[in-house]
Amino acid sequence: MLLKLVLRNAFRHRLRSLLTVLGMCVAILAFALLRTVIGAWYAGVEASSANRLVIRNSISLVFPLPLSYRDKIRQIDGVKTVSYGNWFGGYYIDRKNFFANFSVDPESYLSLYPEYLLPDNQKTAFYRDRKSCVVGRKLARRFGWKVGDTITLTGTIFPGKWDFVLRGIYQGRDDTVDENQFFLHWDYINETLKKTVPRRADQVGFYVIGIAAPELAAKTAEAIDRTFKNSRAETLTETEKAFQLSFVSMSETILTAIRLVSFVVIVIILVVVANTMVMSVRERAGEYAVFKTLGFGSFYLSGLILGESLLITGLGGALGIVLTFPAAKTFAAAVGNWFPVFKVEALTLYLAVAAALMVGIVAAVIPIWRVASVRVVEGLGRIG
Amino acid sequence: MNKQNSPLVQIKDLNKSYRRGNQIIPVLDNIVLDIDEGDFLALMGPSGSGKSTLLNLIAGLDQVDGGSIKIGGVEITSLSESELAEWRASHVGFIFQFYNLIPVLTALENVELPLLLRGLTRKERREHSALALELVSLQDRMDHYPRQLSGGQQQRVAIARAVVTDPTILVADEPTGDLDRTSAEEVLQLMARLSGDLVKTIIMVTHDPRAAKKARSMRYLDKGVLTDAPEISFTECL
């Protein structure tokens, strides 16, 4: 019967309770979405492999490295595979059609990224045709591209119109893999540069190397950087994870702000729910005094108040969590090109549940304390 | 526990005062009172005389400043807060002026409430509550919510809630204060029946001489001092 009482008390003021549930729902939805945005920011970091190192110019990623480093890198102990590439920076039809596009050495690059699943025949066709490209499944779906289509990109770093024949569409091995990328032949761009801007030819933006085991990472990276010390272009070698994190750290202030906002949302709803509970309990002070008169101790009364608070926050929280999925889907559709991987993580759901529980418990503390501390005669004196 | 022939309620040298700011206001002054088992006592007196305070102390709702209250052989002034709550749950039935039913519970559920602390099964609780409602002739209103009942009916539900645990004493604070004359008469008759037929010990605080007339004995409180009741004339009852 006490459960029945909790339920009836929770909805005694239907409008107030429904508004509080709605507020809780919106807060949890906002919290989960903001946490998902943060997660999306780190998606590249999460997807990185411990067996891959990235080499770039030690001054900045903007400065290239000579292609001639490739053979020297190959000879360093621990290095298994060497690949390289450049940020191409082209756009499709309109500048707003942003997506990541890289010129790479196809065979070595794809061998380093087994998580890009591409049928063998498409892979072979891509290797054979220098003017070809492969794209991720989501990117192909976004622009309606099919294998065999000719895609024209307008270069920003490498000016001009560039035509590519789509030879393959890759699929991610799991949902952490970015399926919004575009890969083309580094050789194709380099040959053109040799003719048009020879001083920019035979240079790469980065090397990606495969190592035999993750524990060799530090030693190998040190050996690479030592090899090119005091050279024309000194290198900075780091794990792929550290490389991705360096990008994320550029947005660290924004991420901190988003994190802060996600917690502020919870604090605001905590105040709202606490206020609702304080109002409800104040209105029922006489009833709680009657309970005490009948012999119900603070334990029972705390249970009634806590139950009511948890019911309201639980309902709102559950609704918020359920709505997070369609909201995240809509959000992903709207900003998919900025966040190639946008999925609600299990940790986000656990945090949302914990936040709802925490709000329910904390909001009940003051009313419980008040009810427990009021003497029975004082409580009864409020009646009539 | 209660020895044969000794009063059920024994109050000795009871003192109580309230603090208002730096001022101490004496409310009860050396109260001595014995109430026999099965008695129906009316406590009368003007407003602020200390009637409700005395009733609260007897019911274990408030702490004394000094003196002793022994009920059924138990010295309740020495009980802790939680022990008092337990004692109240099994020994005291309460009837309030404004009924104090829980509005979101039906009549049956309101009556069932005190039984939740008795370790009974749901079925047993329902049977006891139904019987108590039958006793106050409200068996056909079990599923009604307080707002669907008249004042008199609500007070009868409150009486059923008070007796459902078969308490040692029933305390009633102005039980007819919020009722019309007919309803008040019904409630008083019911209380008289509880005292007469079921030998319930009832202590009732009232301003109403007509209600006091229904009691078997009467005491008068004035400025915290207990005296025998002055004679109530018939005209006061009108």
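(A) Layout of the overall build of chain A. A count of helices and strands for chain A gives 15 helices and 13 strands. In terms of overall size, chain A is more extended than a compact globule, its C-alpha atoms giving a radius of gyration of 30 Å where 384 residues would be expected to give roughly 21 Å. Projected onto its principal axes, the C-alpha positions of chain A cover 95 × 45 × 30 Å. Here chain A, with 384 residues, has 39% of them falling under the buried criterion. When contacts within chain A are restricted to residue pairs at least 6 apart in sequence, those whose partners lie at least 24 apart make up 82%.

(B) How the structure looks around the domain arrangement of chain A. All names here are of chain A. In terms of domains, chain A is made up of domain 1 (2–43 + 252–381) and domain 2 (59–233). The gap between the C-alpha centroids of domain 1 and domain 2 is 48 Å. The partner domain 2 presents eight residues to the six residues of domain 1 that form the contact. The residue makeup of the side of domain 1 that touches domain 2, split by class, is three nonpolar, two polar and one charged.

(C) Structural detail: the sheet that holds strand β4 (residues 66–71) of chain B. All names here are of chain B. Sheet architecture is open: four strands sit in the order β2-β1-β4-β5, paired in antiparallel fashion. Of all the strands in the sheet, just β2 (23–35) and β5 (74–75) have a single pairing partner and so form its edges. When strand β1 (residues 9–20) meets β4, the two strands line up antiparallel, connected through five bridges. Following the sheet pairing, Val-9 is matched in β4 by Ile-71.

(D) Quick look at the environment of His-207 of chain B. Residues and elements named next belong to chain B. Along the chain, the position of His-207 falls in the loop between β8 (201–205) and α7 (209–214). You can call His-207 partly exposed: it has 14 C-beta atoms within 10 Å. As a C-alpha pair, His-207 and Gln-153 span 54 residues in sequence and 21 Å in three-dimensional space.

(E) Broad picture of the pairing of strand β10 (residues 181–185) of chain A. Residue and element names in this part refer to chain A. Counting buried positions along β10 yields four of five residues, so the element is predominantly enclosed. Of the pairings in the sheet, the one linking strand β5 (residues 100–104) to β10 comprises five bridges and is parallel in character. Its bridge partner being in β10, Asn-101 is matched across the sheet by Phe-182. Bridge count between strand β7 (residues 132–136) and β10: three bridges; the pairing is antiparallel. Pairing of Val-134 across the sheet is with Phe-183, part of β10.

(F) Representation of helix α13 (residues 298–335) of chain A in the model. Between its first and last C-alpha atoms α13 of chain A spans 51 Å; for 38 residues at 1.5 Å apiece the expected length is 56 Å, and the two agree. Taking the largest bend as the criterion, α13 of chain A deviates by roughly 35°, centred on Thr-324 of chain A, and proline Pro-326 of chain A comes between one and four positions later.

(G) Local environment of the interface of chain B and chain A. In this assembly, 21 residues from chain B lie in contact with 19 residues from chain A. Looking at the side of chain B that touches chain A, the elements with two or more residues in it are α2 (81–91) and α3 (107–112) of chain B. If you tally residues by element for the side of chain B that touches chain A, the top one is α2 of chain B, at five residues. Of the residues belonging to the side of chain B that touches chain A, the class tally is 12 nonpolar, four polar and five charged.

(H) Representation of unusual backbone geometry. Of note, the phi angle at Asn-230 of chain A is positive, near 60°, even though the residue is not glycine. Relative to the assigned elements, Asn-230 of chain A resides in the loop between α9 (217–227) and β13 (235–239). Within the chain, Ser-137 of chain B stands out as a residue other than glycine whose phi angle is a positive 60°. Mapped onto the fold, Ser-137 of chain B is located in the loop between α4 (122–135) and α5 (151–163).

(I) Here's a closer look at the sheet that holds strand β9 (residues 217–222) of chain B. Residues and elements named next belong to chain B. Read across the sheet, six strands follow the order β6-β7-β8-β3-β9-β10 without closing on themselves; strand pairing throughout is mixed. Every interior strand has two partners, whereas the edge strands, β6 (92–95) and β10 (225–228), have only one. Adjacent strand axes in the sheet meet at a mean angle of 20° when their direction is disregarded. Here strand β3 (residues 40–44) pairs with β8 via four bridges, running parallel. Residue pairing for β8: Phe-40 is matched across the bridge by Ile-202.

(J) Just the packing of α13 of chain A against helix α14 (residues 346–373) of chain A, in detail. All names here are of chain A. Relative orientation of the contacting elements α13 and α14 amounts to 150°, with a least axis distance of 8 Å. As far as their axial angle goes, α14 and α13 are roughly antiparallel. The chirality of how α13 crosses α14 is right-handed. Residue composition of the contact of α13 with α14, grouped by class: 17 nonpolar, eight polar and no charged.

So, how was this worked out
- Residues numbered from 1 in each chain as written.
- Chains lettered and ligands numbered in written order.
- Predicted model: local features only at pLDDT ≥ 70, side-chain atom pairs only at ≥ 80, totals over all residues.
- Helix = DSSP H or I, 4+ residues; strand = E, 2+ residues; numbered from the N terminus.
- Rg over C-alpha atoms; globule rule 2.2 N^0.38 Å.
- Buried ≥ 20, exposed ≤ 12 C-beta atoms within 10 Å, placed from the backbone.
- Contact = placed C-beta atoms within 7 Å.
- Domains from an automatic or database assignment.
- Nonpolar A, V, L, I, M, F, W, Y, C, P; charged D, E, K, R; others polar.
- Pairing = 2+ DSSP bridges.
- Expected span 1.5 Å × (residues − 1).
- Bend = angle between axes of the 7 residues up to and from the residue.
- Axes fitted to C-alpha atoms, helices over the stretch in contact; angles between N-to-C directions.
- Parallel < 35°, antiparallel > 145°, perpendicular 65-115°, else oblique.
- Left-handed = near helix turned anticlockwise from the far one by under 90°.

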